[in-house]
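Descriptive analysis of the structure
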Amino acid sequence: MSKVAQQRRQGRIIRHRRVRKKIHGTAARPRLAVFRSNKHLSLQVIDDDTGRTLAAASTAEAELRAGGSGATVAAATRLGEVLAERAKAAGVNQVVFDRGGFLYHGRVAAVAAAAREAGLEF
């Protein structure tokens, strides 16, 4: 890993820790955590009190991988809709959005917008 890549990763981790001091998912309002890599996007709805993942979705899954690249805004929109459906099936209507230290722009913003339109409340 190059020096610049290491600095960017460390900066993101520091931002994520700072955000996690304030954001905490409960059973009534779990945390929607986003992880973005260069090729894929992963989402989890987490109850931090019990340490359980209530719903998850990723562009690395076979059914979502068939739709094309996982590194696009279109893939992030599809993923947000899928996660909202799975969260609703698990009985979750409200979530706290955890952007994971990533900028609220592009794929991260597309996930949030799609999940809102699919019925999740932030």
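Let me sum up the structure you'll find in this document.

Rules used in this analysis
- Residues numbered from 1 in each chain as written.
- Predicted model: local features only at pLDDT ≥ 70, side-chain atom pairs only at ≥ 80, totals over all residues.
- Heavy atoms only, no water.
- Pairing = 2+ DSSP bridges.
- Helix = DSSP H or I, 4+ residues; strand = E, 2+ residues; numbered from the N terminus.
- Axes fitted to C-alpha atoms, helices over the stretch in contact; angles between N-to-C directions.
- Contact = heavy atoms within 4.5 Å.
- Buried < 20%, exposed > 50% of the residue type's maximum accessible area, 1.4 Å probe, protein only.
- Polar contact = N/O pair within 3.5 Å; in protein donor to acceptor, adjacent residues only side chain to side chain.

1. Some words on the sheet that holds strand S3 (residues 52-58)
Spatial ordering of the open sheet is given by S3-S2-S1-S4, a layout of 4 strands whose pairing is mixed. Single-partner strands in this sheet number two, and they are S3 and strand S4 (96-98). Direction aside, neighbouring strands of the sheet carry axes that sit 20° apart on average. On top of the sheet, helix H3 (residues 73-89) reaches strand S1 (31-36), strand S2 (41-47) and S3; it is set at about 150° to S3, its chief contact.

2. A few points about the side chain of Asp 98
Structurally, the position occupied by Asp 98 is in strand S4. Residue Asp 98 is classed as buried on the basis of its relative accessible area of 0%. There is a polar contact of 2.8 Å between the side chain of Asp 98 and the side chain of Arg 31. Filtering out sequence-adjacent residues up to four positions away, Asp 98 remains in contact with His 16, Val 19, Arg 20, Ile 23, Arg 31, Leu 32, Ala 33 and Val 34.

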